[in-house]
Amino acid sequence: MRIYLVAGELSGDILGAGLMQALKRRHPDAEFRGIGGPRMLAEGLHSLYPLETLSVMGLVEVLKHLPGLIKVRRHLRRDALAWEPDAMIGIDAPDFNLGLERQLRVAGIPTAHYVSPSVWAWRQGRVKSIAQSVDAMLTFLPFEAAFYARHDVPVAFVGHPLADELPLVNDRQAARAALGLSSTRPVLALLPGSRGNEIRFLGPTFLDSVAWLHERIPDLQVIVPAASPARREELEVLLADHPARDIVVLCDGESRQAMTAADAVLLASGTAALEAMLCHRPMVVAYKMAPATHWLAKRMVKTDWISLPNLIAQETLVPELVQDAASHEAIGGALLEWLGDDAKRQAMEARFADLHATLQRGASERAAEAIDGLITHGRLPPQEESA
């Protein structure tokens, strides 16, 4: 079996390596070619370019690198057609991969895309072009699969790798001990984001929320995992003269440990909300951005929710406070509801554990099963009703 794989960043390299392992268990003589990083190389991929070749962010950067990216895609097309793979799988990087997938599909090579772009949230018209590019879409989340099914795009819900990675039962007290936190006092984990702009827009409000909450819960402990050394420096500057500085403990990384240790989590919208759900911790999701960006986003985004827990459940499980609604009083009040009501908090922890179980499906194995079916039978295996 010959598989052409194209990943565009480190997260794709992790997914690609897991998929390769699962495919090799089914086909020990499988060969792999395309683009990948160190993990995929270790599994036997022949990579024509470094992983970083496709890791271009931002409109200006993309435009600057566009001629080079077009040249790379043309080379990959020629190489794939000459190698004659049984299938081509694009892993994330939709702006690059979907175009390559379409070209190879037209040439008769079965194609799949692993990790759905957020087409369900904005620019939904892209689904027509996706339908022309792929024989199968492999999604992490059930609501994504439902979207593609409605648009007659062959789809397999494979589950989420993070759900496979994180345990269904976790140990709050062990996490607190590892972080040096009291086992008896309430703990709030605060994650203001991994980008500098997120710290700038959210950091002061999040810390003001902590100060507001501390007045009402005097024994509150607050743990803030810094996503990088640069984010830690920015947080230290914000904390220097802030009333909350004496109750905030900064740590480097350890975001999952911090969330596991917590009774509740305050975070920026994004993957961290999914991780908090998979740690089974109630949360408040807040986000602020530049006014012009918010004006545009309101007109483009087509979903009722912005956080993954609510999107997965298709109902409002956790508060979402955006832009002007994300005042420190509103955030503090929403957190107080979690921290002040043991029964409500425990009920949400149980609900999140149930959602975790629905996503813990062995994503790499299911993705390999889908690709195997596509190659062997020309179609995806039958999907479970829950998908």
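The structure this text deals with has already been given above.
Residues numbered from 1 in each chain as written. Predicted model: local features only at pLDDT ≥ 70, side-chain atom pairs only at ≥ 80, totals over all residues. Heavy atoms only, no water.

Observations regarding helix α16 (residues 342-359)
Argument step 1. The end-to-end C-alpha separation of α16 is 26 Å, in line with the 26 Å expected for 18 residues at 1.5 Å each.
Argument step 2. Every buried residue belonging to α16 is among Arg 345, Met 348, Glu 349, Phe 352, Leu 355, His 356 and Leu 359, and all of these are buried. Taken around the axis of α16, the buried residues stretch over an arc of 125°, which confines them to a single face. In α16, the exposed positions that point more than 90 degrees away from the buried face belong to Ala 343, Gln 346 and Asp 354.
Argument step 3. The backbone nitrogen of Ala 343 lies 3.2 Å from a side-chain oxygen of the residue at the head of α16, namely Asp 341. (Helix = DSSP H or I, 4+ residues; strand = E, 2+ residues; numbered from the N terminus. Expected span 1.5 Å × (residues − 1). Buried < 20%, exposed > 50% of the residue type's maximum accessible area, 1.4 Å probe, protein only. Arc of directions from axis to C-beta. Polar contact = N/O pair within 3.5 Å; in protein donor to acceptor, adjacent residues only side chain to side chain.)

Focus: unusual backbone geometry
Argument step 1. If you check the backbone angles, Glu 254 has positive phi at about 55° while not being a glycine.
Argument step 2. Mapped onto the fold, Glu 254 is located in the loop between β10 (248-252) and α11 (255-261).
Argument step 3. Positive phi outside glycine occurs at His 280, with the angle close to 65°.
Argument step 4. The residue His 280 is located in the loop between α12 (271-278) and β12 (283-287) in this model.
Argument step 5. Assessed through its relative accessible area of 6%, His 280 is described here as buried.

Concerning the sheet that holds strand β8 (residues 187-191)
Argument step 1. Reading across the sheet, the 6 strands line up as β10-β9-β8-β11-β12-β13 and stay open at both edges, with parallel pairing between neighbours. Both outer strands of the open sheet, β10 and β13 (320-322), are each paired with one neighbouring strand and no more. Between one strand axis and the next, the sheet turns by 20° as a mean value, whatever way the strands run.
Argument step 2. Here helix α15 (residues 328-339) sits on the sheet in contact with β8, β11 (264-268), β12 and β13, set at roughly 150° to β11. (Pairing = 2+ DSSP bridges. Axes fitted to C-alpha atoms, helices over the stretch in contact; angles between N-to-C directions. Contact = heavy atoms within 4.5 Å.)

Some words on the packing of aromatic side chains
Argument step 1. Inspection of every chain in the model, using the stated rule, returns 3 aromatic pairs.
Argument step 2. Arranged with centres 5.9 Å apart and planes meeting at 85°, the rings of Tyr 114 and Phe 140 form a pair that is edge-to-face. Pair noted here: Tyr 114 is in strand β5 (residues 111-114) and Phe 140 is in the loop between β6 (136-139) and α6 (142-150), with a separation of 26 residues, a long-range link.
Argument step 3. Residue Phe 140 is classed as buried on the basis of its relative accessible area, which comes to 12%. (Phe/Tyr/Trp six-rings, centres within 6.5 Å; stacked < 30°, edge-to-face > 60°.)

Topic: helix α8 (residues 172-179)
Argument step 1. Residues Arg 172, Ala 175, Arg 176 and Leu 179 constitute the buried set of α8. The buried side chains of α8 occupy one side of the element, clustering within an arc of 100° when seen end-on. Counted as exposed and oriented over 90 degrees from the buried face of α8: Ala 177 and Ala 178.
Argument step 2. Tucked inside the fold, the buried residues of α8 contact β8, β9 (221-226), α11 and α16.

Concerning the pairing of β12
Argument step 1. Extensive coverage of β12 is indicated by the burial of 5 of its 5 residues.
Argument step 2. By the alternation rule, side chains of β12 split into Met 283, Val 285 and Tyr 287 and Val 284 and Ala 286, which are all buried.
Argument step 3. Summarising the sheet, β11 and β12 pair through 4 bridges and their orientation is parallel. Bridging across to β12, Leu 266 finds its partner in Val 284.
Argument step 4. Regarding the hand of the β-α-β motif, the stretch spanning β11, α12 and β12 is right-handed.
Argument step 5. Both β12 and β13 contribute to a ladder of 3 bridges, which runs parallel. Considered in β13, the bridge of Tyr 287 is made with Val 322. (Right-handed = clockwise from strand over helix to strand, strands pointing away.)

With respect to the nonpolar core
Argument step 1. Counting residues in each nonpolar core, the largest one holds 117 residues, and the members touching the most others are Leu 5, Tyr 114 and Met 283.
Argument step 2. A total of 8 residues in this core trace back to one element, the largest contributor, which is helix α9 (residues 196-216).
Argument step 3. Not counting chain neighbours up to four residues away, the residues in contact with Tyr 114 comprise Leu 15, Leu 19, Ile 89, Gly 90, Ile 91, Asp 92, Leu 138, Phe 140, Val 158, Ala 363, Ser 364 and Ala 367. (Core = buried A, V, L, I, M, F, W, Y, C linked by side-chain atoms within 4.5 Å.)

Side note on the sheet that holds strand β2 (residues 31-35)
Argument step 1. The 7 strands lie next to each other as β3-β2-β1-β4-β5-β6-β7, forming an open sheet whose pairing is parallel. Each of the sheet's edge strands pairs with one partner strand only, and the pair in question is β3 (45-47) and β7 (155-157). On average, each strand axis in the sheet is tilted by 20° relative to the strand beside it, whichever way the strands run.
Argument step 2. Here strand β4 (residues 87-91) pairs with β5 via 4 bridges, running parallel. Across the sheet, the residue bridging to Gly 90 is His 113, located in β5.

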